[in-house]
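# Residue-level structure breakdown
Each chain, letter by letter, is given below.
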Amino acid sequence: ELKGIVFVIQSQSNSFHSKRAEDLKRDILKQAVDLGKELPTVLLIHQIDRHEGAWTILPLMTDFSVTYGRNSSWIFFCEEDTRIQVVKLVETLRRFDKSKEWFLGKALYDEESTIIHHYAFAENPTVFKFPDFAAGWALSIPLVNKLAKKLKSEPLKSDFTIDLKHEIALYIWQKGEGPHLTPVPEFCTDDVNSYKVDHCATTFSNFLPLCGEPVNKEDVFVAVKTCRKFHGDRIPVVKQTWEREAALIEYYSDYADISIPTIDLGIPNTDRGHCGKTFAILERFLNHTSPRTPWLVVVDDDTLISIFRLRKLLSCYDPNEPVFLGERYGYGLGTGGYSYITGGGGMVFSRTAVQKLLASKCRCYSMDAPDDMVLGMCFSGLGIPITHSPLFHQARPMDYPKDYLSHQIPVSFHKHWNIDPVKVYFTWLAPNTEESSNGKKVGYNREDL
């Protein structure tokens, strides 16, 4: 029965991530060998490169249906850090009739309606369940075949991909005509060493990767985008919270204010996208900072970020590669669009990536174009992949399911709406005493936020 499962690892082409995915593939195949079973198929998403939007999964359904629609029973999806007990997974899937349409996973839901999901199910958002990818999720082949057929007659709309797990669940549900997600208690996100995992077919242990010593403070240059009207309310929050973690930081505005201090780049402020300002920041980083500084982080003035944790995370990446890192969104991926890093959660660039970008002719089509989307378009055209980390967040902690955040050590959140941003920083992002030997931990209860 193991050979009836097609494993699909939601992998990425960056060297750090592709190695993690290859390790997981080897582990699945080794478990199969140790059981004396025929080897299952294990696919890595980033190697299915016919689709720029392969990571959004749905464009692959037609291929999956054609290739596996007759001889397989399940497509099982997981992240590179999902750990799988193959025997327990087979036992778990055996409980479900493989001739029927099944959508299985660990259920997440919104406690209140949120802008990330376009305020879906505003009356009662808890009714709609969507899968936590970290625990793994599965589609039965009859459902894969049905989705492939639907995609032929109704191609995916070419709009935004913002929260893939929610959007896939909505597409499968088909306004009530398709299956809801069926929660499976054996799909877990507990740490592999937890006492709770005896019943689990899957576990998940990647809170915050660390691949050696954190990068030095002086290796990270932080650029804060601001404008005169926010100098009085947003900049003081940065100074009360995370500014002290940054060794190299500059504030870029439309007005030079020596009390902050801000640097006027000569780019007027725009109400919408800030493409002109961001490209001026990239030029400045390349031409006016030490060439020995390998990393640039560009944040908004209402981004809350842990530079301390970011330095740990960056220990896993090679700055000699063109790295463009953050929370990945997509635009028009059903019709040959592109992926991009959404700006509010923070955009991280290796110097190599900035060099390659500015050496190209790709620039803003207008000063107020959305900077994050133009960057995504440019990097896509250069064949430089976006590298996604779920630890960067475009919204506030309250905008995500608690269970989703419970297996993360977040790097950033964004926006000050209806929250005390200082309190959010000290609750979610400030280095605690185990993480940092200096400074007292200021504690708040996460449940309050």
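All values derive from a computational prediction rather than experimental measurement. (Residues numbered from 1 in each chain as written. Predicted model: local features only at pLDDT ≥ 70, side-chain atom pairs only at ≥ 80, totals over all residues. Heavy atoms only, no water.)

### A short note on the confidence of the model for the protein chain
- Per-residue pLDDT for the protein chain averages 93, and the proportion of residues at 70 or more is 95%.
- In the model, residues 437–445 has pLDDT below 50 throughout and makes 8 contacts with residues more than four positions away in sequence or in other chains. (pLDDT = per-residue confidence, 0-100. Contact = heavy atoms within 4.5 Å.)

### Details of the UniProt feature "domain: Fringe-like glycosyltransferase" (unreviewed entry) in the protein chain
- Mapped onto the present numbering, the UniProt feature "domain: Fringe-like glycosyltransferase" (unreviewed entry) falls at residues 67–151 and 214–424.
- Between the C-alpha atoms that bound residues 67–151 there is a distance of 16 Å. The span itself is 26% helix and 22% strand. (UniProt positions renumbered as here; feature names shortened; annotations may be inferred. Helix = DSSP H or I, 4+ residues; strand = E, 2+ residues; numbered from the N terminus.)

### Focus: the pairing of strand β13 (residues 248–253)
- Two strands pair when backbone bridges link them, and strand β12 (residues 220–225) and β13 are joined in this way by 5 bridges, in the parallel orientation. Opposite Lys-225, over in β13, you have Tyr-252 as the bridge partner.
- The handedness of the β12 to β13 crossover, carried by helix α6 (residues 234–240), is right-handed.
- Sheet topology note: the β13/strand β14 (residues 262–264) ladder contains 3 bridges and is parallel. Each residue of the ladder has a partner; that of Ser-253, found in β14, is Asp-264. (Pairing = 2+ DSSP bridges. Right-handed = clockwise from strand over helix to strand, strands pointing away.)

### A few points about the packing of aromatic side chains
- All told, the structure shown has 24 aromatic pairs when counted by the stated rule.
- Relative to Tyr-340, the ring of Tyr-338 lies with its centre 6.4 Å away and its plane at 55°, an arrangement referred to as tilted.
- The exposure class assigned to Tyr-338 is buried, which follows from its relative accessible area of 10%.
- Here Tyr-340 falls in the buried class, since its relative accessible area comes to 5%. (Phe/Tyr/Trp six-rings, centres within 6.5 Å; stacked < 30°, edge-to-face > 60°. Buried < 20%, exposed > 50% of the residue type's maximum accessible area, 1.4 Å probe, protein only.)

### Some details on the side chain of Asp-300
- Relative to the elements of secondary structure, Asp-300 occurs in strand β15 (residues 295–300).
- Exposure remark for Asp-300: the relative accessible area of 17% places this residue in the buried category.

### Quick look at the state of the cysteines
- Scanning the entire structure with this criterion turns up 4 disulfides.
- The partner cysteine of Cys-211 in its disulfide is Cys-316, sulfur to sulfur 2.0 Å. Handedness here is read from the sign of the S-S torsion; for Cys-211 and Cys-316, about 90°, the answer is right-handed. Of this pair, Cys-211 sits in the loop between β11 (202–204) and β12 while Cys-316 sits in the loop between α8 (307–314) and β17 (324–326); the two residues are 105 residues apart in sequence, bridging distant segments of the chain.
- Of the residues examined, Cys-211 reaches a relative accessible area of 38% and is grouped as partly exposed.
- Accessibility expressed as a relative area gives 10% for Cys-316, which makes it buried.
- The disulfide partner of Cys-275 is Cys-364, and the gap between their sulfur atoms is 2.2 Å. Residues Cys-275 and Cys-364 are joined by a disulfide whose S-S torsion is about -90°; by sign, that bridge is left-handed. Pair noted here: Cys-275 is in helix α7 (residues 275–288) and Cys-364 is in the loop between α9 (351–359) and α10 (371–381), with a separation of 89 residues, a long-range link. (Disulfide = S-S within 2.5 Å.)

### What about helix α3 (residues 86–94)?
- Residues Val-86, Leu-89, Val-90, Thr-92 and Leu-93 constitute the buried set of α3. On an axial view of α3, the arc spanned by its buried residues comes to 160°, and they lie on one face.
- Buried residues belonging to α3 abut β1 (5–9), α1 (15–34), β3 (74–78), β4 (82–84), β5 (103–105) and β8 (137–140). (Arc of directions from axis to C-beta.)

### Some words on the sheet that holds β3
- Spatially, 6 strands are ordered β2-β1-β3-β8-β5-β10 in an open sheet, and the strand pairing comes out mixed. Both edges of this open sheet fall to β2 (41–44) and β10 (182–183), since each of them pairs with a single strand only.
- Pairing between β1 and β3: 5 bridges, direction parallel. When the bridges of β3 are listed, Val-8 appears paired with Phe-77.
- Packing of helix α2 (residues 61–68) onto the sheet brings it into contact with β1, β2, β3 and β8, and relative to β3 it is tilted by some 135°.
- Sitting on the sheet, α3 is in contact with β1, β3, β5 and β8, with an inclination near 120° to β1. (Axes fitted to C-alpha atoms, helices over the stretch in contact; angles between N-to-C directions.)

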